[in-house]
Amino acid sequence: LREALVSTYQTNPTINAQRESLRATDANVAIARAGGRPQVSGSVGINRDLTRSGILVSPSSKGPVISGGVDLSVPLFQGGRVSNSIRAARTRVEAGRATLRAVEGDVFTEAVAAYMDVIRDRSIVSLNENQVRVLETNLQATRDRFEVGDLTRTDVAQSEARLALARSGLATVRGVLEATEENYERVVGVPPGDLQPPPPLPALPPTPDQAVEI
């Protein structure tokens, strides 16, 4: 179970998407801080003057002339807009972290449920397979007894009906198992292998007051 949760933490697309969303929210803090820092802008241009007479260029043409400029602006007072923007961005980051923790908790719960569903459905399939084998043996015994005249054709038909019903139930639970294994792979990121029983849960608190404290 621990390995399944580790794989879920590393590969689950829902958790990864929430992480990337939190990174984008983190970047807003730096963007908000940039509003209170000096800004530099520059421009460069190339100009050339051509005076044409007919189709010839006159000797008085000039160029190229390169021009450029640099502007530096330093914010002195913005009425608290930058500081409030930074605080708002930090608050959104805290909210994003809380959302990530909540998403992780939901996905981990889903992973544990998928893990237990596979163990449960594998056990159900095993029980149904055993039931089919028992009914197959019982049908063969019924036919043998019918051959010696100990049972009637009705008894054989009933045994065949029970076997057919068991095989139908086996096909159904195999379909359910396949669906739960696909769901496990969707949540955890890898196909379910030989899943071991989960560790035992801790004992319940002896009193309600201790439960509240925990």
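Residues numbered from 1 in each chain as written. Predicted model: local features only at pLDDT ≥ 70, side-chain atom pairs only at ≥ 80, totals over all residues. Heavy atoms only, no water.

### A few points about helix 2 (residues 13–34)
Note the threshold: Going along the chain from the N terminus, every DSSP run of H or I of four or more residues is numbered as a helix, and every run of E of two or more is numbered as a strand. Expected helix span is given by 1.5 Å per residue-to-residue step, counting one fewer step than there are residues. The buried label goes to any residue with under 20% of its type's maximum accessible area, the exposed label to any with over 50%, and the partly exposed label to all in between, with areas taken from a 1.4 Å probe on protein chains only. When we speak of the arc, we mean the arc of directions from the helix axis to the C-beta atoms. For this analysis, residues touch if any pair of their heavy atoms sits within 4.5 Å. Here a polar contact is taken to be a pair of N or O atoms separated by no more than 3.5 Å, where protein atoms must pair a possible hydrogen donor with a possible acceptor and residues adjacent in sequence count only if both atoms sit in side chains.
Here helix 2 contains 22 residues, and its C-alpha end-to-end distance of 32 Å stays within 8% of the 32 Å for a straight helix at 1.5 Å per residue. Burial in helix 2 covers these residues: I15, Q18, R19, L22, T25, V29 and A32. Buried positions in helix 2, seen along its axis, are confined to an arc of 125° and lie on one side of it. Exposed residues pointing more than 90 degrees away from the buried face of helix 2 are listed as P13 and I31. Here the buried face of helix 2 lies against helix 1 (2–11) and helix 3 (81–147). Looking at where helix 2 begins, the residue whose side-chain oxygen comes 2.9 Å from the main-chain nitrogen of T14 is N12.

### Observations regarding the pattern of salt bridges
Condition: One side-chain nitrogen of Lys or Arg within 4 Å of one carboxyl oxygen of Asp or Glu is enough to make a salt bridge.
Applying the stated rule across the entire model yields ten salt bridges. Residue R23 pairs with E20 through a salt bridge whose shortest N-O separation is 2.4 Å. Residue R23 and its partner E20 are located together in helix 2, separated by three residues, close to a single helical turn. Residue class for R23 comes out partly exposed when judged on its relative accessible area of 48%. The closest approach of N and O atoms between R174 and E129, which form a salt bridge, is 3.1 Å. On the criterion of sequence distance, the pair formed by R174 in helix 4 (residues 153–188) and E129 in helix 3 is long-range, its members being 45 residues apart. A relative accessible area of 25% means that E129 is categorised as partly exposed. Each of D117, R120 and D121 takes part in a single network of salt bridges with overlapping partners.

### Focus: the packing of helix 3 against helix 4
Where we set the bar: Here an axis means a line fitted to C-alpha atoms, over the contact stretch when the element is a helix, while the angle between two N-to-C directions is reported on a 0 to 180 degree scale. Geometric relationships in this document are graded by angle, where less than 35 degrees denotes roughly parallel, more than 145 denotes roughly antiparallel, 65 to 115 denotes roughly perpendicular, and other angles denote oblique. Two helices crossing with the near one rotated counterclockwise from the far one by less than a right angle form a left-handed crossing, whereas a clockwise rotation gives a right-handed crossing. Under the grouping applied here, Gly and all other residues not named as nonpolar or charged are polar, the nonpolar ones being Ala, Val, Leu, Ile, Met, Phe, Trp, Tyr, Cys and Pro and the charged ones Asp, Glu, Lys and Arg.
Taken N-terminus to C-terminus, the directions of helix 3 and helix 4 make an angle of 160°; their axes are 8 Å apart at the nearest point. Considering the angle they form, helix 3 stands roughly antiparallel to helix 4. In the packing of helix 3 onto helix 4, the handedness of the crossing is left-handed. In terms of residue class, the contact of helix 3 with helix 4 is built from 21 nonpolar, eight polar and 16 charged.

### Regarding the layout of surface pockets
Put simply, the test is: Two kinds of site are reported from a 1 Å grid over the protein atoms alone, namely cavities, where a 1.4 Å probe fits but cannot get out, and pockets, open sets with protein on both sides within 12 Å along at least five of seven lines, and residues are called lining when an atom falls within 4 Å of a point. Grid points are joined across faces, edges and corners, and a volume is the space filled by probe spheres set on the points.
Within this model, the largest pocket holds a volume of roughly 180 Å³. The wall of the largest pocket is formed by 16 residues, among which L1, E3, A4, Y115 and L195 lie closest to the centre. Counting residues per element, the ones that place at least two in the lining of the largest pocket are helix 1 and helix 4. With four residues, helix 1 is the largest single contributor of residues to the lining of the largest pocket. Class assignment of the residues belonging to the lining of the largest pocket gives a composition of eleven nonpolar, two polar and three charged.

### A closer look at the confidence of the model for the chain
Any region with low pLDDT has predicted coordinates that should not be read closely. What counts is decided by this rule: Scored from 0 to 100, pLDDT records how confident the predictor is in each individual residue.
Per-residue pLDDT for the chain averages 91, and the proportion of residues at 70 or more is 94%. Taken element by element, the predicted model of the chain shows its lowest mean pLDDT in strand 3 (residues 56–57) (54) and its highest in helix 4 (96).

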